[in-house]
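Given next are the chains, with one letter for each unit.
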Amino acid sequence: MKGVNEEYSRLIGEKDAHITKSEAAIHQKEALLAVQAVREELKKKLEQAEVDKHIHYLRSTAEIDDLSRTKSTLEERLIELIKDKDVLWQKSDALEFEQKLRAEERWLQDKEATHCLGCQGHFTWWLRRHHCRLCGRIFCYYCSNNFVMTKHSGKKERCCRECYTQHSAVVERFTEVSDPSAKSDDVAYDIITEKEANGIYDSDSLSQTTGGSLEGEQDTRPLGALV
Ligand SMILES: [Zn+2]
Ligand SMILES: [Zn+2]
């Protein structure tokens, strides 16, 4: 009986040891599974990171391409603008020179102008002189029958066709540099009225004429246009 008991105790001890061993093995297995799960997760994250990196790379490349194209376009535009600027400077110089010439010839014209610079019509008591308020040259009523807003007067001023067609910026520049007092001598050159056209005039209007025949093609043409 004692032998059986001892044998039983030994078997129980073996069983306990076996259980302990199994438990340890199970723990190890669980730990291994946990590690594998973490590894899988990390692997997925790594893959995702690589995909993200690739997408980011593609996006950056596209952006760099865009920027390069924009840069090229801007460089081309800059070159165009520099060329335009040079052309404008040349035009500006030419216009300044032209303006200077006109200013120099202006006073001669005031006294000696007998013909309209536009239509060559002869100035008479009824074909009066009119100054272009921009270039100062003298025209007949019809050839100076254009009006532009000028800066110094703030109202529309009479000007010749040439000045009228010039760029507004240039017109403004002419206006700025022209002497506003210079136009005071222009008051006498009034628009001809219907009364005067019909032959009713006084000594004042006669005094403004520079002579010239009332007959002739050049003289009768503007009268016809007036009616
Ligand atoms: Zn004219
Ligand atoms: Zn003009």
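Residues numbered from 1 in each chain as written. Chains lettered and ligands numbered in written order. Predicted model: local features only at pLDDT ≥ 70, side-chain atom pairs only at ≥ 80, totals over all residues. Heavy atoms only, no water.

Colleague: Help me understand the overall build of the protein in this model?
Modeller: The helix and strand inventory of the protein stands at six helices and four strands. Walking the protein from its N terminus toward its C terminus, one meets helices and strands in the order α-β-β-β-β-α-α-α-α-α. The long-range fraction of contacts in the protein, counting pairs at least 24 apart against all pairs at least 6 apart in sequence, stands at 57%. Per element, the accessible surface of the protein, about 16800 Å² overall, is 59% carbon and sulfur. (Helix = DSSP H or I, 4+ residues; strand = E, 2+ residues; numbered from the N terminus. Contact = heavy atoms within 4.5 Å. Areas by Shrake-Rupley, 256 points an atom, 1.4 Å probe, with all protein chains shown as cover.)

Colleague: Hey, could you run me through the coordination of the zinc ion (ligand 1) in this one?
Modeller: Reference values for angles at a metal are 109.5 degrees in the four-donor tetrahedral case and 90 or 180 degrees in the six-donor octahedral case. Coordination sphere of the zinc ion (ligand 1), protein contribution only: Cys 116 (SG), Cys 119 (SG), Cys 140 (SG) and Cys 143 (SG), at 2.2 to 2.4 Å. The motif formed by the donor residues of the zinc ion (ligand 1), counted along the single chain, is C-x2-C-x20-C-x2-C. Residue Cys 116 is found in the loop between helix H1 (2-112) and strand S1 (130-131), and its partner Cys 143 is found in the loop between strand S2 (138-139) and strand S3 (146-149); the two are separated by 27 residues along the sequence. Pair check on accessibility: Cys 116 and Cys 143 agree, each one buried. (Donors = N, O, S within 2.8 Å, 3.2 Å for Na, K, Ca; no water. Buried < 20%, exposed > 50% of the residue type's maximum accessible area, 1.4 Å probe, protein only.)

Colleague: Explain the pattern of salt bridges to me, please; I cannot follow it from the model alone.
Modeller: Pairing between side chains of opposite charge can happen when their charged atoms approach one another. Tallying each qualifying case throughout the model produces seven salt bridges. With its nearest N and O atoms 2.7 Å apart, the salt bridge here joins Glu 7 to Arg 10. Note that Glu 7 and Arg 10 are positioned in helix H1 at a spacing of three residues, about one turn of the helix. Of the charged contacts, one joins Glu 14 and Arg 10 as a salt bridge, the two residues approaching to 2.7 Å between their closest N and O atoms. In this pair, Glu 14 and Arg 10 both sit in helix H1, four residues apart, roughly one turn of the helix. Residues joined in a network through salt bridges with shared partners are Glu 7, Arg 10 and Glu 14. (Salt bridge = Lys/Arg side-chain N within 4 Å of Asp/Glu carboxyl O.)

Colleague: In this structure, what is going on with unusual backbone geometry? I would like to understand it.
Modeller: In most cases, non-glycine residues show a negative phi, while peptide bonds are predominantly trans. The phi dihedral of Gln 120 falls on the positive side, at around 65°, and the residue is not glycine. Within the fold, Gln 120 resides in the loop between H1 and S1. Here Gln 120 falls in the partly exposed class, since its relative accessible area comes to 41%.

Colleague: What is the right way to look at the side chain of Ser 144 in this model?
Modeller: By the secondary structure assignment, Ser 144 is in the loop between S2 and S3. Apart from the residues within four sequence positions on either side, Ser 144 is in contact with His 130, Phe 139, Arg 158, Cys 159 and Cys 160.

Colleague: Explain the coordination of the zinc ion (ligand 2) to me, please; I cannot follow it from the model alone.
Modeller: Those donors, Cys 132 (SG), Cys 135 (SG), Cys 160 (SG) and Cys 163 (SG), are the protein atoms that reach the zinc ion (ligand 2), and they lie 2.2 to 2.3 Å from it. In this structure, the zinc ion (ligand 2) is coordinated by four donor atoms arranged in tetrahedral fashion, with angles at the metal of 102 to 121°. Spacing between the donor residues of the zinc ion (ligand 2) along the chain follows C-x2-C-x24-C-x2-C. Residue Cys 163 is classed as buried on the basis of its relative accessible area, which comes to 0%. (Tetrahedral: all angles 85-135°; square planar, octahedral: opposite > 155°, others 65-115°.)

Colleague: Honestly, the pairing of S3 in this entry has me stumped. Any pointers?
Modeller: For a regular strand, side-chain orientation follows a simple rule: the groups alternate between the two sheet faces. Residue alternation in S3 divides its side chains into a buried set, Asn 146 and Val 148, and an unburied set, Phe 147 and Met 149. In the sheet, S3 pairs with strand S4 (residues 156-159) via four bridges, with the strands oriented antiparallel. By the bridge assignment for S4, Phe 147 is matched with Arg 158. (Pairing = 2+ DSSP bridges.)

Colleague: Help me understand the side chain of Arg 129, please; the structure alone is not making it clear to me.
Modeller: In this structure, Arg 129 sits in the loop between H1 and S1. Taking relative accessible area as the criterion, Arg 129 reaches 4% and is therefore assigned buried. At 2.8 Å, the side chain of Arg 129 and the backbone oxygen of Ala 113 are in polar contact. (Polar contact = N/O pair within 3.5 Å; in protein donor to acceptor, adjacent residues only side chain to side chain.)

Colleague: What should I look at first to understand the confidence of the model for the protein in this one?
Modeller: For residues with low pLDDT, the predicted coordinates do not support detailed interpretation. Of all residues in the protein, 69% have pLDDT values of 70 or greater, and the mean over the chain is 76. Low pLDDT (under 50) marks residues 180-227, which in the prediction has 68 contacts with non-local residues, meaning those over four places away or in another chain. (pLDDT = per-residue confidence, 0-100.)

Colleague: I'm lost on the environment of Glu 157 in this one. Help?
Modeller: Within the fold, Glu 157 resides in strand S4. Here Glu 157 falls in the buried class, since its relative accessible area comes to 5%. Sequence separation of Glu 157 and Arg 133 is 24 residues, and the distance between their C-alpha atoms is 6.3 Å. One polar contact links Glu 157 to Arg 133, side chain to side chain, over a distance of 3.3 Å.

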